[in-house]
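Coordinate analysis (summary)
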Amino acid sequence: MIKVNRGPEPKNLVTIRISHLSRIRNLGRPPKSDDIYGYEIVAETLWKAQHHKCCYCEHRIVKSYNDVEHYRPKTNADRSPGCNLKHGYWWLAYTWENLLFACPSCNRSHKRSFFPLENGSSSLIAESLPPSNEIPLLIDPGSSINPVEHIKFVFENQHWCAKARNESTFGEKSIEIYGLNHQDLKELRKDHYETILKPQIDAINIALSDNDMMALKKEFRRALDMLTPRNAFVCFNYDVFSEKILELQKITDLLQLPWPNPDQI
Ligand SMILES: [Zn+2]
């Protein structure tokens, strides 16, 4: 997971929000899932803003069959351990800052209606805007929190696994709720490592051992480019390169090309 930059709110979402929230308020009861629709109009904008990736697991997805996702769930929310209230955030169902684009594995199979809050945190009341006194334990990739500062990848038991960086509570809970160690994702990361990352790491390490500065610069720049948002699995790329490029500090000194810290990804 990396930060998502949505860009400006699409104008048509404003129109949709006004008309649909008016309809929902007139229901005279809490809305059900089927009552909340129309926000899908921003699917393509979000998909493109996220470089055709799921906002949580960062694997590439097509627009069809994938979901406009509500960071704060729209109809029901399981806020344990922080709060027992179960109401959804229907009034934020058409709010640009609450919308993301996610794959069914992250959204429907794992996150579902879970929205854990910190112990002692209170929930937003209807029609109020975040954050108020609400402290979610899930990382919102569209917020100012940088997911890379909270989640890292380490190799264990034959797979690259997501772990909390610096024992981050946000990282730990987000990995669990978004299902970032789901078996399918581990397989995708393994394949990505073997076909994309390992050849790049080998090219850098060989150039260094051959003392071939031109090749080293070219290959190291390529690795740096693979940390830009348009690539798949950027957060994963960062930790694999950080661990597997031999003498990383020596290379950055030689080339005068700094390696970023997690907060710079
Ligand atoms: Zn996903």
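The following refers to the structure shown. Note that the structure is a prediction, hence the values are computed from the model and not measured. (Residues numbered from 1 in each chain as written. Predicted model: local features only at pLDDT ≥ 70, side-chain atom pairs only at ≥ 80, totals over all residues. Heavy atoms only, no water.)

1. A few points about helix α4 (residues 169-178)
Put simply, the rule reads: The buried label applies to any residue whose accessible area, calculated with a 1.4 Å probe on protein chains only, is under 20% of its type's maximum; exposed applies above 50%, and partly exposed to all values in between. Strands are runs of DSSP state E lasting at least two residues, helices are runs of H or I lasting at least four, and both sets are numbered from the N terminus onward. Note on definitions: a residue-residue contact is assigned when non-hydrogen atoms from the two residues lie within 4.5 Å. Whenever two N or O atoms come within 3.5 Å, that pair is a polar contact, provided that in protein one can donate a hydrogen and the other can accept it, and provided that, for residues adjacent in sequence, both atoms are side-chain atoms.
Taken residue by residue, α4 has Gly171, Ser174, Ile175, Ile177 and Tyr178 as its buried positions. Buried-residue contacts for α4 involve α3 (104-111), β3 (151-156) and β4 (159-164). Structurally, the start of α4 carries an N-cap: the backbone nitrogen of Phe170 is 3.2 Å from a side-chain oxygen of Ser168.

2. Structural notes on the coordination of the zinc ion
As a reminder, the rule being used: For Na, K and Ca the donor cut-off is 3.2 Å, while for other metals it is 2.8 Å, and in both cases only N, O and S atoms qualify; water is not among them, so sites may look incomplete. Here the metal geometry follows the donor angles, with tetrahedral for four donors whose angles all fall between 85 and 135 degrees, square planar for four and octahedral for six when opposite donors are more than 155 degrees apart and every other angle is between 65 and 115, and irregular for all the rest.
Bound to the zinc ion are the protein donor atoms Cys54 (SG), Cys57 (SG), Cys103 (SG) and Cys106 (SG), situated 2.3 to 2.4 Å from the metal. Relative to the metal, the 4 donor atoms surrounding the zinc ion lie at angles of 105 to 113°, and the coordination shape comes out tetrahedral. As a motif over one chain, the donors of the zinc ion read C-x2-C-x45-C-x2-C. Note that Cys57 is positioned in the loop between α2 (43-49) and β1 (67-70) and Cys106 in helix α3, a separation of 49 residues in sequence. Accessibility classification places Cys57 together with Cys106 in one group, the buried group.

3. Notes on the pairing of strand β2 (residues 99-102)
To keep it simple, the criterion reads: Two strands pair if DSSP finds at least two bridges between them.
Judged by which residues are buried, β2 turns out to be covered on both faces: Leu99 and Phe101 on one side and Leu100 and Ala102 on the other are all buried. Where β1 and β2 come together, 4 bridges link them in antiparallel fashion. Following the sheet pairing, Glu69 is matched in β2 by Leu100.

4. Topic: the packing of helix α5 (residues 183-209) against helix α7 (residues 234-244)
We apply this condition: Interaxial angle, 0 to 180 degrees, is taken between N-to-C directions of lines fitted to C-alpha atoms, where a helix line uses only the stretch in contact. Here the word oblique covers every angle except those under 35 degrees (roughly parallel), over 145 (roughly antiparallel) and from 65 to 115 (roughly perpendicular). Left-handed describes a crossing in which the near helix is turned anticlockwise from the far one by less than a right angle; the clockwise case is right-handed. Classes in brief: Ala, Val, Leu, Ile, Met, Phe, Trp, Tyr, Cys and Pro nonpolar; Asp, Glu, Lys and Arg charged; the others, Gly included, polar.
Orientation of α5 relative to α7, taken along the N-to-C sense of each, is 40°, at an axis distance of 11 Å. Looking at the two axes, α5 sits oblique to α7. Crossing angle aside, the handedness with which α5 passes α7 is right-handed. In this structure, α5 uses Arg189, His192, Tyr193, Leu197, Gln200, Ile201 and Asn205 to contact α7, whose residues at the interface are Phe236, Asn237, Val240, Phe241 and Lys244. In terms of residue class, the contact of α5 with α7 is built from 6 nonpolar, 4 polar and 2 charged.

5. What to know about empty space enclosed by the protein
It is the rolling of a water-molecule-sized probe over the atoms that shows where space remains empty. Threshold: Cavity and pocket criteria rest on a 1 Å grid covering protein atoms alone: a 1.4 Å probe that fits but cannot get out defines a cavity, protein on both sides within 12 Å along at least 5 of 7 lines defines an open pocket, and an atom within 4 Å of a point defines a lining residue. Grid points are joined across faces, edges and corners, and a volume is the space filled by probe spheres set on the points. Each domain's extent is set by a domain assignment, obtained either automatically or from a database.
In this structure the tally under the stated criterion is 1 cavity of 30 Å³ or more. For the largest cavity, the calculated volume is near 60 Å³. Lining the largest cavity, in full, are Met1, Tyr56, Cys57, Glu58, Phe153, Leu180, Arg189, Phe233, Cys235 and Phe236. A breakdown of the residues in the lining of the largest cavity according to their chemical character gives 8 nonpolar, no polar and 2 charged. Lining the lining of the largest cavity are residues from two domains, each supplying at least three of them: domain 1 (11-139) and domain 2 (146-265).

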